[in-house]
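Results of the structural survey
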Amino acid sequence: MATFEDRVLYQGDPWVRVDTLPRLLAEGWRRTLLEGGVVSVVRTPFQWSMGSPVIEIETGGYMGDVGLYVPEVQLPEALALLGFEDEAVDEAESGPVTHAEDAGPGGGQAG
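Model, not experiment: these values are computed from the prediction.

Pairing between side chains becomes possible if they bear opposite charge and their charged atoms approach one another. Using the criterion set out here, one finds five salt bridges in the structure. Salt-bridge contacts for arginine 7 lead to glutamate 72; the nearest nitrogen and oxygen are separated by 2.4 Å. Highlighted residues: arginine 7 in strand E1 (residues 7-10) and glutamate 72 in the loop between strand E5 (65-71) and helix H3 (75-81), separated in sequence by 65 residues. Taking the shortest distance from any N to any O, the salt bridge between arginine 30 and glutamate 27 comes out at 3.4 Å. A residue pair is termed a helical-turn pair when its members lie 3 or 4 positions apart in one helix, as arginine 30 and glutamate 27 do in helix H1 (residues 23-35) at three residues. Across the pair, glutamate 27 and arginine 30 agree in class, each one buried. Three or more residues joined by partner-sharing salt bridges are found here, namely Arg23, Glu27 and Arg30.

Now for unusual backbone geometry. The backbone of glutamine 11 shows a phi angle near 55°, a positive value even though the residue is not glycine. The topology assignment puts glutamine 11 in the loop between E1 and strand E2 (13-22).

Right, let's talk about the packing of aromatic side chains for a bit. What characterises a pair of aromatic rings is the spacing of the ring centres plus the angle enclosed by the ring planes. A complete count under the given rule lists four aromatic pairs for this structure. Pairing tryptophan 29 with phenylalanine 84 gives two aromatic rings, centres 6.1 Å apart and planes at 65°, and the pair type is edge-to-face. Separated by 55 residues along the polypeptide, tryptophan 29 in helix H1 and phenylalanine 84 in the loop between H3 and helix H4 (85-94) bring together distant segments of the chain. On the basis of relative accessible area, tryptophan 29 is assigned to the buried category, the value being 18%. Here the aromatic residues Tyr10, Trp15, Trp48 and Tyr69 are joined through ring pairs into a cluster of three or more.

Reading guide: rules and limits
Residues numbered from 1 in each chain as written. Predicted model: local features only at pLDDT ≥ 70, side-chain atom pairs only at ≥ 80, totals over all residues. Heavy atoms only, no water. Salt bridge = Lys/Arg side-chain N within 4 Å of Asp/Glu carboxyl O. Helix = DSSP H or I, 4+ residues; strand = E, 2+ residues; numbered from the N terminus. Buried < 20%, exposed > 50% of the residue type's maximum accessible area, 1.4 Å probe, protein only. Phe/Tyr/Trp six-rings, centres within 6.5 Å; stacked < 30°, edge-to-face > 60°.

Written out as structure tokens, the structure reads:
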């Protein structure tokens, strides 16, 4: 399984990893977030992706595990949209909640 940082700087703002999951599932979650007004980005081991690259998916591009990130300020809203309401309340009280088992060192600079 690929590992991704819990928190990163992306385009100058702090973003938080919601989860690490297979690409197709991440793209489905991204659609749910978009419909709820939450911005998201997918990080593969090779690049960042703000849009759903349908051609990459259709042609069999990278389909392994990706990191799904949202802006830190939208984390509670994102967790609620994805059905993690209790965790959204916990996050508001104690800091960001993520779902990866071992994300490695946090605070990296996204490239």
